[in-house]
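Structure assessment
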Amino acid sequence: MVPKPKTMDKGLQKELDTFRDKVAAEAEEVIFEVFPQKVSSVGLDLQKLIDSTAQSTSPFNLSHAAHFTDVTVYSAPTSSPEPESKKRKLDSGEGVNGAASPSDITHAKNPGKIVSNKHTVDLHERLKREFEILANLCDKVKLWINLSMPKDVLSEIHRSQETAYNLRDSGRQDYITRAKLCSKILKYPHLEDYALALKEHDEKVLYVSHQNLFDLRNVYAVLTDILHKNIEKLRTPKANNATTLY
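Residues numbered from 1 in each chain as written. Predicted model: local features only at pLDDT ≥ 70, side-chain atom pairs only at ≥ 80, totals over all residues. Heavy atoms only, no water.

**A closer look at the overall build of the protein**
Looking only at helices and strands, the protein has eight helices and zero strands in total. Across the protein, helices and strands are ordered from the amino to the carboxyl terminus as α-α-α-α-α-α-α-α. A burial count over the protein gives 33% of its 246 residues as buried. For the protein, the proportion of contacts with a sequence separation of at least 24, taken over those separated by at least 6, is 72%. Here the protein has roughly 15400 Å² of accessible surface; of this, 55% comes from carbon and sulfur atoms. (Helix = DSSP H or I, 4+ residues; strand = E, 2+ residues; numbered from the N terminus. Buried < 20%, exposed > 50% of the residue type's maximum accessible area, 1.4 Å probe, protein only. Contact = heavy atoms within 4.5 Å. Areas by Shrake-Rupley, 256 points an atom, 1.4 Å probe, with all protein chains shown as cover.)

Below you can see the structure in the form of structure tokens.
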């Protein structure tokens, strides 16, 4: 006797259909409202932010590069949270087993500190929010495409999301590079080229942050274009989606 084919419970099937409809509605809102508004000057704030960069008041204006790099080596803090007995040992150059402690500031060639560039820190925070928005929007559209069609358009969504992730990490990379330059200035404060290198680095970060705004806008433009050109195929159930994509 041939076993009867299994079928899905009608209640469960209804829940899945409701889920699919919700995913489709959220994705279409992103495609027809959010993405176009990110590109349009009358929409959300991304294009307006780009337009404003021509003004000297914009934090992304390159004129700020000359004012926010501080290469001064400031005195290191003298307060210590360590117990007084331990502090006396460190001050005397004694560490474990009587050896000099490598972390003791008195053994540094030029103890002190260099402050971060507060301007670029603010830029990184602004851009991180934009990159996170792009990555989250891509997630919404990716789910719908996975449910609806082959991988062609999905690959563009993946590339855009990877771009968002990579740009989101640019702040960490900047801080590491900057820290290495600052350590050189602390060690060799008499070499002016290290101070000049730090200024050039901060200027480059400002320039790249400015360009990232345009890159972000262009990603939205490409996504909007390819999704709109394939919208009918996206709306067609996967089983009927045999034609070649645009």
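After that view of the structure, there is still more to cover.
**Focus: helix H4 (residues 118-148)**
Taking 1.5 Å per residue, 31 residues should reach 45 Å; H4 reaches 46 Å between its end C-alpha atoms and fits that length. Where H4 starts, the residue carrying a side-chain oxygen 3.0 Å from the main-chain nitrogen of His119 turns out to be Asn117. (Expected span 1.5 Å × (residues − 1). Polar contact = N/O pair within 3.5 Å; in protein donor to acceptor, adjacent residues only side chain to side chain.)

**Remarks on the packing of aromatic side chains**
In this structure the tally under the stated criterion is two aromatic pairs. Taking the centre distance of 6.2 Å and the plane angle of 20° together, the rings of Tyr188 and Tyr194 count as stacked. On the accessibility criterion, Tyr188 (25% relative accessible area) is partly exposed. (Phe/Tyr/Trp six-rings, centres within 6.5 Å; stacked < 30°, edge-to-face > 60°.)

**Quick notes on empty space enclosed by the protein**
In the structure shown here, the tally under the stated rule is one cavity of 30 Å³ or more. Taken as a whole, the largest cavity encloses approximately 50 Å³ of empty space. Forming the walls of the largest cavity are His64, Ala65, Phe68, Thr69, Asn117, His119, Thr120, Asp202, Glu203 and Leu206. Going through the elements one at a time, H4 and helix H7 (192-229) are the ones with two or more residues in the lining of the largest cavity. Grouping the constituent residues of the lining of the largest cavity by class yields three nonpolar, five polar and two charged. (1 Å grid on protein atoms, 1.4 Å probe; cavity = no way out; pocket = protein on both sides within 12 Å on 5 of 7 lines; lining within 4 Å. Points joined across faces, edges and corners; volume = space filled by probe spheres on them. Nonpolar A, V, L, I, M, F, W, Y, C, P; charged D, E, K, R; others polar.)

**Describing the layout of surface pockets**
Looking at the second largest pocket, its volume works out to about 210 Å³. Around the second largest pocket, the lining residues are His124, Leu167, Ser170, Gln173, Asp174, Thr177, His201, Lys204, Val205, Val208, Ser209 and Asn212. Put simply, the parts of the chain that give the lining of the second largest pocket at least two residues each are helix H6 (170-187) and H7. By residue number, the principal contributor to the lining of the second largest pocket is H7, which donates six residues.

**Some points on the side chain of Thr69**
Structurally, Thr69 is set in the loop between helix H2 (45-52) and helix H3 (84-91). Thr69 gets classed as buried once you look at its relative accessible area, which sits at 15%. Engagement of the side chain of Thr69 in a polar contact is seen with the side chain of Asp202, the distance being 2.7 Å. Not counting the four nearest positions on each side in its chain, Thr69 is found in contact with Asn117, Arg178, Leu198, Lys199 and Asp202.

**A look at the packing of helix H1 (residues 10-39) against H4**
Two elements in contact, H1 and H4, have axes whose closest approach is 9 Å; the angle formed by their N-to-C orientations is 135°. Judged by the angle between their axes, H1 and H4 are oblique. Here the hand of the crossing between H1 and H4 comes out left-handed. Side by side, H1 and H4 meet where Phe19, Arg20, Val23, Ala24, Ala27, Glu28, Val30, Ile31, Val34, Phe35 and Lys38 of the first sit next to Glu130, Ile133, Leu137, Lys140, Val141, Leu143, Trp144 and Leu147 of the second. Of the residues belonging to the contact of H1 with H4, the class tally is 14 nonpolar, no polar and five charged. (Axes fitted to C-alpha atoms, helices over the stretch in contact; angles between N-to-C directions. Parallel < 35°, antiparallel > 145°, perpendicular 65-115°, else oblique. Left-handed = near helix turned anticlockwise from the far one by under 90°.)

Read these as layout, nothing more, since geometry by itself doesn't imply function.
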